[in-house]
Amino acid sequence: MFTFSARSARIGESATLKVSRRAKELAAAGRDIIDLSAGEPDFPSPAVAVEGAVEALRAGFTRYTENTGTPQLRGALAERYRRQYGAPWTAADTLVTVGGKAALFEVALALFDHGQEVIIPSPCWVSLPEQVRFAGATPVFVETHGEDGFRMHAEPVLRAMTERTRGVILNSPCNPTGGVIESADLRRIVEACAERGAVVVFDETYERFLYDGAAHVSAAAFAAEFPDTVVVVGSFSKTYAMTGWRIGYALGPRPIIAAAANIQSHATSNPTSFAMSGALAALRGAEPDVCAMILEYEARRDLLIPALNEIPGFKCRPPAGAFYAFVDVSACFGGDVSGSLPFCEHLLETAGVAVVPGVAFGDDRYLRISFACSRETLARGLERLTAVAAARA
Ligand code: PLP
């Protein structure tokens, strides 16, 4: 028989996989499945990014680069953070990674260890606690609540701090809840971490997806004041609809970035050379594409949320950010449907609609519906969800 490392046994299979595996099986068997589960923009990548990558390929930019990513992309990212937030980082404090996921993973492995605790507001993205566990540390969850739009408050995070706290991971806007953190709360958390030598890892993968005219609050704004405390992680995946390119990044204190780079040097080495050229072109020239996508996401949100609230048993506030509706469906439970996973399975089997059970993110009353899909797909999905809910009522 096979035996596995204790490290690998510490992390579980994602509950999202069960539904998505079944959705794929049903689609392969010829069922018409409406997939509202994917956290993936349905837009093509910006033409400037594609051109940038193609030009790089044609020019023979096909070899290993610096392990930390091209100096041009690192420099452009650092410059952006300096300009936008007055952050103290340079190219030397910047690591380009194989997606934001790898950046978070490498930073977690560099920082967190056995016997340590890492505070994470919950519900949260599935990989955040698993990466902490993989590093050997213990995730400590602090609940956020639907009643105030899942805002992340400083008070409960500070209360959860112990002498074992090594870090706080914040994801704002949040996948799956759309909740955000406000500047005063973020400052208090950064200050408290600075006092105890802990680190704030700030995942701003959804930084551009804010609605109703709200502005993004980034921990980068506190990096100049607390240079040893703030690590920011971002990604080209969602902002630029470049999921398959696998380009993300981390900026932070130079020793932390160096330690993460060291891990990267033994794991992936540099991210794909020409993908970094495309990412640089996106950073420089894709702002009009990004603005157009944001407008479309907001329009979809404004169509989707009222329609979801019309469905008997569905309850959902407009998310402040990201591109997910996090819907309280607990009023639909009963009989053989005892939680979010069986409910999602039921929706898939009876309506052919794939959505993600809230239990995967830490709250079994909810399900996550992505609006990173066309309005037509959303309308068809809504029609079917309504029919199933009516049948259960
Ligand atoms: N952080 C959050 C909250 C996410 O939802 C995701 C992707 O779904 C990522 C990070 C990582 O994205 P990527 O590895 O594609 O950059």
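Residues numbered from 1 in each chain as written. Predicted model: local features only at pLDDT ≥ 70, side-chain atom pairs only at ≥ 80, totals over all residues. Heavy atoms only, no water.

Every one of the 14 residues lining the ligand counts as a neighbour, but Gly100, Asp203, Ser235, Ser237 and Arg246 are closest to it. One nitrogen or oxygen atom from the side chain of Lys238 is found 2.8 Å from an oxygen atom belonging to the ligand. At a separation of 2.8 Å, an oxygen atom of the ligand approaches a polar side-chain atom of Arg246. With the chains in place, 92% of the 400 Å² that the ligand exposes on its own is no longer accessible. Top element by residues in the shell around the ligand is helix H5 (residues 99–111). It accounts for 4 residues. Each residue belonging to the shell around the ligand can be placed in one class, and the counts come to 3 nonpolar, 7 polar and 4 charged. (Near = heavy atom within 4 Å. Polar contact = N/O pair within 3.5 Å; in protein donor to acceptor, adjacent residues only side chain to side chain. Areas by Shrake-Rupley, 256 points an atom, 1.4 Å probe, with all protein chains shown as cover. Helix = DSSP H or I, 4+ residues; strand = E, 2+ residues; numbered from the N terminus. Nonpolar A, V, L, I, M, F, W, Y, C, P; charged D, E, K, R; others polar.)

This next bit is on the sheet that holds strand S2 (residues 94–97). Spatially, the 7 strands line up as an open sheet ordered S2-S8-S7-S6-S5-S3-S4, and their pairing is mixed. The open sheet is flanked by S2 and strand S4 (138–143), the only strands paired with a single partner. On average, adjacent strands in this sheet sit at an angle of 20° to one another, irrespective of strand direction. Both S2 and strand S8 (residues 248–251) contribute to a ladder of 4 bridges, which runs antiparallel. Bridging from a neighbouring strand, Val96 pairs with Tyr249 of S8. (Pairing = 2+ DSSP bridges. Axes fitted to C-alpha atoms, helices over the stretch in contact; angles between N-to-C directions.)

Enumeration over the complete set of coordinates arrives at 0 disulfides. Of all cysteine sulfurs, the one in Cys332 lies closest to Cys316, which takes part in no disulfide; the gap is 13 Å. Note on Cys344: no disulfide assigned, nearest cysteine sulfur contributed by Cys332 at a separation of 11 Å. (Disulfide = S-S within 2.5 Å.)

This paragraph deals with the pattern of salt bridges. Counted according to the given criterion, the structure contains 25 salt bridges. A salt bridge links Glu287 to Arg208, with the nearest nitrogen and oxygen atoms 2.7 Å apart. Taken as a pair, Glu287 in helix H11 (residues 287–310) and Arg208 in the loop between strand S6 (199–203) and strand S7 (230–235) lie far apart in primary sequence, 79 residues in all. Among the ionic contacts, a cluster of salt bridges with common partners joins Asp42, Glu296, Arg300 and Arg375. (Salt bridge = Lys/Arg side-chain N within 4 Å of Asp/Glu carboxyl O.)

What follows covers the environment of Pro46. Mapped onto the elements, Pro46 comes out in the loop between strand S1 (34–35) and helix H3 (47–58). Taking the relative accessible area as the measure of exposure, Pro46 reaches 2% and is therefore buried. Considered as a pair, Pro46 and Tyr240 are 194 residues apart in the sequence and their alpha carbons are 6.8 Å apart. Beyond its immediate stretch of four places on either side in the chain, Pro46 contacts Tyr240, Met242, Ala286 and Asp289. (Buried < 20%, exposed > 50% of the residue type's maximum accessible area, 1.4 Å probe, protein only. Contact = heavy atoms within 4.5 Å.)

With that out of the way, let us pick up the nonpolar core. Formed by 97 residues in total, the largest nonpolar core has its most connected members in Leu308 and Ile369. Looking at this core, the element that brings in the most residues is H11, giving 7 residues. The contact partners of Leu308, leaving out residues within four places of it in the chain, are Phe314, Cys316, Ala325, Val327, Ile369, Leu382 and Leu385. With 32 residues, the next largest nonpolar core counts Leu95, Val201, Phe326 and Phe361 among its residues. (Core = buried A, V, L, I, M, F, W, Y, C linked by side-chain atoms within 4.5 Å.)

This brings us to the packing of H5 against helix H6 (residues 127–134). Closest axis-to-axis distance for the H5/H6 pair is 9 Å, and the angle between their directions is 35°. Between H5 and H6 the crossing geometry is right-handed. Residues Lys101, Leu104, Phe105, Ala108 and Leu109 of H5 pack against Ser127, Leu128, Gln131 and Phe134 of H6. The residue makeup of the contact of H5 with H6, split by class, is 6 nonpolar, 2 polar and 1 charged. (Left-handed = near helix turned anticlockwise from the far one by under 90°.)

The next subject is H11. Under the 1.5 Å per step criterion, the end-to-end length of H11 is 35 Å for 24 residues, consistent within 8% with the ideal 34 Å. Turning to H11, the residues buried within the fold contact strand S9 (324–328), strand S12 (366–370) and helix H13 (375–392). (Expected span 1.5 Å × (residues − 1).)

This paragraph deals with the pairing of S4. Regular strands show a simple pattern: their side chains alternate between the two faces of the sheet. Across 6 bridges, the pairing between strand S3 (residues 117–122) and S4 is parallel. Residue pairing across strands places Pro121 opposite Val142, the latter belonging to S4. In the classification by handedness, the crossover that spans S3, the intervening H6 and the parallel S4 is right-handed. (Right-handed = clockwise from strand over helix to strand, strands pointing away.)

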